[in-house]
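Here is how the chains run, residue by residue.
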Amino acid sequence: MTAAPKLTNARADFYARIGEHGMTPLWEVLKGLITPEPRSPALPALWRYDEVRPYILEAGELITAKEAERRVLILENPGLKGRSSITHTLYAGLQLILPGEVAPAHRHTQTALRFVVEGEGAYTAVDGERTTMRPGDFVITPSWTWHDHGNDSDRPMVWMDGLDIPLVQFLDASFSEHAKEDTQQVSKPEGDALARYGQGLLPVGHRTTTPTSPIFNYPYARTREALETMRRAGPWDPHHGLKMKYVNPATGGWAIPTMATCMQLLPKGFSGSPYRSTDGTVFSVVEGKGHTTIGGQRFDWAPRDIFIVPSWVEHTHHADEDAVVFSFSDRPVQEAVGLWRERRSA
Ligand code: GTQ
C-alpha cells in the first residue's frame, strides 16, 4: 500500500488553478474511489416491530392515505441519513392503510415489492386486477404499472415496501404520473394472474414483453407449504438453511429485474456459517425467533422485525425456533453486469 500523496504548496496551488477549469487530481481521491473491498456507508441495523408500530399508527392520526398519497414511514439506514435509503441502492418503508382508505392510483418507473407484515384483507390493484393481501404474501408492482391500494377490511393493514428508488435516482431515470381516478377499473377476476402463470403452466404462445414476473402475488400459504415439504429431503445450506428465490415463470430469472427476493427456512437450532456477499440485503422476519451476528454485532429478531446486512459485511444466522425469513437485495443488477460476489467461510 502506497502512502497518500503529500499536499505541498505548489500542488495545492495547482489544484486550485485546475479547479477553475473543471478538473481535479485523481491521485488525491483514488484510494477512496477504488477500494480493495466494498466499504459500504450503510450500517447494520434492526427495526423492532413492537417499537415502530405505535409510530405507524400515530401517523394514521396525523394524515390520511389520500393526502399523503402513500402513508409510509421510511426505514432509513443510520449510515445513510437524509437519503431515504435502507441500503446504498434500495429503499424500504412501512406503509399503513386504515379501514375504508384508498391510496390513489399512480405509476412510476421504480419497481415496488410489498411484503405484508400485519393485517389481512386490504388489496392492491395492478393493471386491472386486485389481489387481497395476507401476512407473508409477496406482492409486485412492476415498473410503470398503474397501482392503487385500498382497505375494505375492518383492521389497519401494514406492509413493508421495497423499492429501487435510490438505484433509479442514481441512473436519473425517474418518471411518474397520477391517474385521473383514485381507484382503477377492475377488468380481471381476482386470482387470474396466479392461475395463468403460477401453476407450472403458461398460456400457449405466451410472449415475454417485460422483465418482471407476470405473477404479482406469491401467497405465503403456498410458499410456506413448499418449504415444509422440502425440509423433509433437504439439503440444508450451511449458511442459508433452506433458501429459495422467487422466480419469474416466463423467464426463469428473478421475479423483479432490479431486486432479488427470497424466502428461507432456518430450522430450530440452526447455527449458520459466516457468509458475505456484495448485495446489501434487507431481511423481514415472518416466523420464529433467533439472532443474526452482523459484522460482529448481535441483532436479536422476532416476527415482523426488519434488519439489514450491508454489502460485504460478514454475518451468521441463528434460529432458536423454526424461523421463516423474507429478504431482498440488488443482486440481479450486480449479476447482470458481472459484479456479484460471495464469500462462504467455514
Ligand atoms: O405504494 O406506490 O413506499 O410510490 C414509496 C413510493 C410506496 C407505492 C412507497 C411509492 C409507494
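All residue numbers refer to positions counted from 1 along the written sequence of the respective chain. With the structure being a predicted model, the display of local features is reserved for residues of pLDDT at least 70 and the display and counting of side-chain atom pairs for 80 or more, all residues being used for whole-chain, interface and lining totals. In computing side-chain properties, one takes all heavy atoms of the structure into account and sets aside hydrogens as well as water.

Participant: Where do I start with a nonpolar patch on the surface in this structure?
Facilitator: Here, patches come from residues exposed beyond 30% relative accessible area and free of salt bridges, joined within 9 Å for like charges and within 5 Å for nonpolar side chains (Val, Leu, Ile, Met, Phe, Trp, Tyr). For the accessible areas, the method is Shrake-Rupley and the probe is 1.4 Å, while residue cover comes only from the protein chains on display. Whenever a carboxyl oxygen of Asp or Glu lies within 4 Å of a side-chain nitrogen of Lys or Arg, that contact is scored as a salt bridge. A contiguous nonpolar surface patch, about 480 Å² in accessible area, is contributed by Leu 26, Val 29, Leu 30, Leu 33 and Ile 34. Numbered from the N terminus, helices here are DSSP runs of H or I no shorter than four residues, and strands are runs of E no shorter than two. Here Leu 33 is to be found in helix α2 (residues 30–33).

Participant: Please clarify how the site of the ligand should be interpreted in this entry.
Facilitator: If even one non-hydrogen atom of a residue comes within 4 Å of a molecule or strand, that residue is called near it. The environment of the ligand is formed by Arg 70, Val 72, Tyr 91, Gln 95, His 106, His 108, Arg 114, His 147, His 149, Asp 161 and Leu 163. Between the ligand and the protein, one listed contact pairs an oxygen atom with a side-chain N or O atom of Arg 114 at 2.8 Å. In isolation the ligand has 290 Å² of accessible area, and contact with the protein removes 89% of it. At the level of secondary structure, the elements contributing two or more residues to the shell around the ligand comprise β3 (91–97), β4 (102–108), β9 (147–151) and β10 (157–163). All amino acids are sorted into three groups, where Ala, Val, Leu, Ile, Met, Phe, Trp, Tyr, Cys and Pro are nonpolar, Asp, Glu, Lys and Arg are charged, and the leftover types, Gly among them, are polar. Considering only residue class, the shell around the ligand consists of 3 nonpolar, 5 polar and 3 charged. Polar contacts here mean pairs of N or O atoms no more than 3.5 Å apart (in protein, one a potential hydrogen donor and the other a potential acceptor; neighbouring residues in sequence count only if both atoms are side-chain atoms).

Participant: What is the right way to read the sheet that holds strand β13 (residues 242–245) from this model?
Facilitator: Within a sheet, neighbouring strands are paired by backbone hydrogen bonds and run either parallel or antiparallel to one another. Following DSSP output, two strands are said to pair if at least two bridges run between them. Spatially, the 6 strands line up as an open sheet ordered β1-β19-β16-β21-β14-β13, and their pairing is antiparallel. Two strands bound the open sheet, and with one partner strand each, they are β1 (45–47) and β13. For this sheet the average axis-to-axis angle between neighbouring strands, irrespective of direction, equals 20°. Pairing between strand β16 (residues 281–287) and strand β19 (residues 306–309): 4 bridges, direction antiparallel. Considered in β19, the bridge of Val 282 is made with Ile 308. What makes two residues a contact is simply this: any of their non-hydrogen atoms within 4.5 Å. With axes taken as lines fitted to C-alpha atoms, and helix axes fitted only over the stretch in contact, angles between N-to-C directions fall between 0 and 180 degrees. Most of the contacts of helix α7 (residues 220–230) go to strand β14 (residues 260–266), to which it runs at about 50°, and overall it touches β13, β14, β16 and β21 (323–329).

Participant: Looking at this structure, I do not really get unusual backbone geometry. What am I missing?
Facilitator: For residues other than glycine, phi is negative in most cases, and the peptide bonds are mostly trans. Of note, the amide linkage connecting Gly 234 to Pro 235 takes the cis form, showing an omega dihedral of -5°. With respect to the secondary-structure elements, Pro 235 resides in the loop between α7 and β13. Its identity as a non-glycine residue notwithstanding, Trp 144 has a phi of 65°, on the positive side. Examined against the element boundaries, Trp 144 turns out to sit in the loop between β8 (138–141) and β9.

Participant: Even after reading the chapter, I still don't get α7, so can you show me in this structure?
Facilitator: The periodicity of an α-helix, 3.6 residues per turn, causes residues three or four positions apart to be oriented the same way. Burial status follows relative accessibility: with a 1.4 Å probe on protein chains alone, a residue under 20% of its type maximum counts as buried, one over 50% as exposed, and anything between as partly exposed. By the burial criterion, the buried members of α7 are Tyr 220, Thr 223, Arg 224 and Leu 227. Buried residues in α7, looked at end-on, bunch into an arc of 95°, giving them a common side. Every exposed residue of α7 that faces more than 90 degrees away from the buried side is listed here: Ala 221 and Glu 225. Close packing links the buried residues of α7 with β12 (217–218), β13, β14, β16 and β21. As used here, the arc belongs to the directions running from the helix axis to the C-beta atoms.

Remember that the coordinates give geometry; whether it matters functionally is a separate question.
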